[in-house]
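Listed below, chain by chain, are the residues.
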Amino acid sequence: MTQAIDTTQKQLSPTFTKLVSKEGGIEYEPKALYVCEETFSPLEVSYDYEAIKARVSRASIEAGPKSIWRYKPFLPVATDNVIDVGTGMTPLVKSTRLARRLGLKNLYIKNDAVNMPTLSFKDRVVSVALSRARELGFSTVSCASTGNLANSTAAIAAHAGLDCCVFIPADLEAGKVLGTLIYNPTVMAVNGNYDQVNRLCSEVANTYGWGFVNINLRPYYSEGSKTLGFEVAEQLGWQLPDVVVSPIASGSLYTKIRKGFQEFVKVGLVDDKPVQFHGAQAEGCSPVAQAFREGRDFITPVKPNTIAKSIAIGNPADGSYAVEQARETGGSIEAVNDAEIIEGIKLLAETEGIFTETAGGTTIAVLKKLAEAGKIDPDATTVAYITGNGLKTQEAVQGHIGEPLTIEPKLGSFEQALERARTLERLDWQPTSV
Ligand SMILES: *Cc1c(COP(=O)(O)O)cnc(C)c1O
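Residues numbered from 1 in each chain as written. Predicted model: local features only at pLDDT ≥ 70, side-chain atom pairs only at ≥ 80, totals over all residues. Heavy atoms only, no water.

Draft legend 1. Structural view of the pairing of strand β13 (residues 382-386). The element β13 is extensively covered by neighbouring structure, given that five of its five residues are classed as buried. What you see with β13 is no split at all: Thr382, Ala384 and Ile386 on one side and Val383 and Tyr385 on the other are buried throughout. Where strand β5 (residues 107-111) lies against β13, five bridges are found, and the strand directions are parallel. Directly across from Ile109, in β13, lies its bridge partner Ala384. When strand β10 (residues 243-247) meets β13, the two strands line up parallel, connected through three bridges. Note that in β13 the partner of Val243 across the bridge is Thr382. (Buried < 20%, exposed > 50% of the residue type's maximum accessible area, 1.4 Å probe, protein only. Helix = DSSP H or I, 4+ residues; strand = E, 2+ residues; numbered from the N terminus. Pairing = 2+ DSSP bridges.)

Draft legend 2. Here's a closer look at empty space enclosed by the protein. Taken as a whole, this structure holds one cavity of 30 Å³ or more when the rule is applied. Roughly 300 Å³ of internal volume is contained in the largest cavity. Around the largest cavity, the lining is made up of 29 residues, and of these Phe121, Lys122, Tyr221, Ala249 and Ser310 lie nearest the centre. At the level of secondary structure, the elements contributing two or more residues to the lining of the largest cavity comprise α4 (122-135), α5 (148-160), α8 (218-223) and α10 (252-266). In terms of residue class, the lining of the largest cavity is made up of 14 nonpolar, twelve polar and three charged. (1 Å grid on protein atoms, 1.4 Å probe; cavity = no way out; pocket = protein on both sides within 12 Å on 5 of 7 lines; lining within 4 Å. Points joined across faces, edges and corners; volume = space filled by probe spheres on them. Nonpolar A, V, L, I, M, F, W, Y, C, P; charged D, E, K, R; others polar.)

Draft legend 3. How the structure looks around the sheet that holds β10. Spatial ordering of the open sheet is given by β4-β5-β13-β10-β11-β12, a layout of six strands whose pairing is mixed. On the outer flanks of this sheet lie β4 (92-94) and β12 (332-336), each paired with one strand and no other. Strand-to-strand, the axes of this sheet are offset by a mean angle of 25°, without reference to chain direction. Bridging between β10 and strand β11 (residues 276-282) involves five bridges; their strand directions are parallel. Bridge pairing in β11 places Val244 opposite Phe277. (Axes fitted to C-alpha atoms, helices over the stretch in contact; angles between N-to-C directions.)

Draft legend 4. Highlighting the sheet that holds strand β9 (residues 211-212). The four strands lie next to each other as β8-β7-β6-β9, forming an open sheet whose pairing is parallel. The open sheet is flanked by β8 (186-190) and β9, the only strands paired with a single partner. As defined by bridge partners, strand β6 (residues 140-144) adjoins β9 across two bridges and the pair is classed as parallel. In the sheet register, Ser142 faces β9, and the bridge partner there is Phe212. This element, α5, spans β6 and β7 (163-169) of the sheet and lies at about 170° to β6. (Contact = heavy atoms within 4.5 Å.)

Structure follows, in structure tokens:
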């Protein structure tokens, strides 16, 4: 008689066992649930921090995979069978030229424009959500997306062999639509804005039994954003920054970066210190910035009208928590207009060689505004989060950048063009004399 091998023995028990409502602390089983039936507040994953503390050290993390899964004890996936497509551990770049331009001495860019596999921070939340979706037995996964989420969900579902149907607003940028279709999911382009897409998806989630990464799997999904806090702390040499600037759509990313920092403090991986959180929104969709400015703690929904489509959520789920966080940490939530967003995209590209999308342009424009207003201490260790790639939102900068100088394959034609370039002040190159 052969003895059955218990493969589960090799797996350590999970460090999370339940969901808890953000208000009232009511407990739920860790299933595909997202809202508390009694308080109507969102559900969050609850961890056993003593168990995490016993399991992790700086050395154990440093010896882990070069992806978000080096932080696995802090993530809500029970088995070791995670979907690891190399998401995370993106560069933290020490800025020199942008820093000088803004008068800051310790500025860093966290560059998720090169995240894997689809070049935005959404790969983090989807890697976690789909790993959990598989554990919970879902065979079809879905999302309500402003663009990047559809790219990530379609790509990672393809990798994992899950069926996929995504919902997007019909007026998205071409790069975002193509960057979803290539993975061959079913794409529903809804004639409406994101908030209408999201409402439709809530109905579908209730009737079809699909795993919607940002609806019924939202408690797991949102935990993925904490890795943007973990990585920055690790990459700064196991310490927290002084100032953070991040974009705000639903407010999930902005609040989860802080949760990541706090968890590292809780288990003794970094020392505690105050971190100021600044949030960035586009004026054409700035319900959180408006609430902050007017001293309200509730959000008044708006109808989005901005080129920053990836962060155009008019009725943000975590908006009031974001306002609270800005106040509590001595930060702020600022809005910038579309022209400033385009300038922000160009400024980051010209000074750091990083091409970001409209959300990153929003972040850089807000960083610039804060720096120019003297609201950031020049010596403070400041991290600006760049969350997506500019090649996906080319429409935003078309007509605002230079054009190639078309020439004939002849030296004379080149020299004429060079003269023109000089008058345009695009080149200060001088021919060396022979
Ligand atoms: C989704 C998204 C965000 C913000 O997301 P939250 O809903 O606030 O978590 C920021 N930047 C980009 C590029 C995004 O796609």
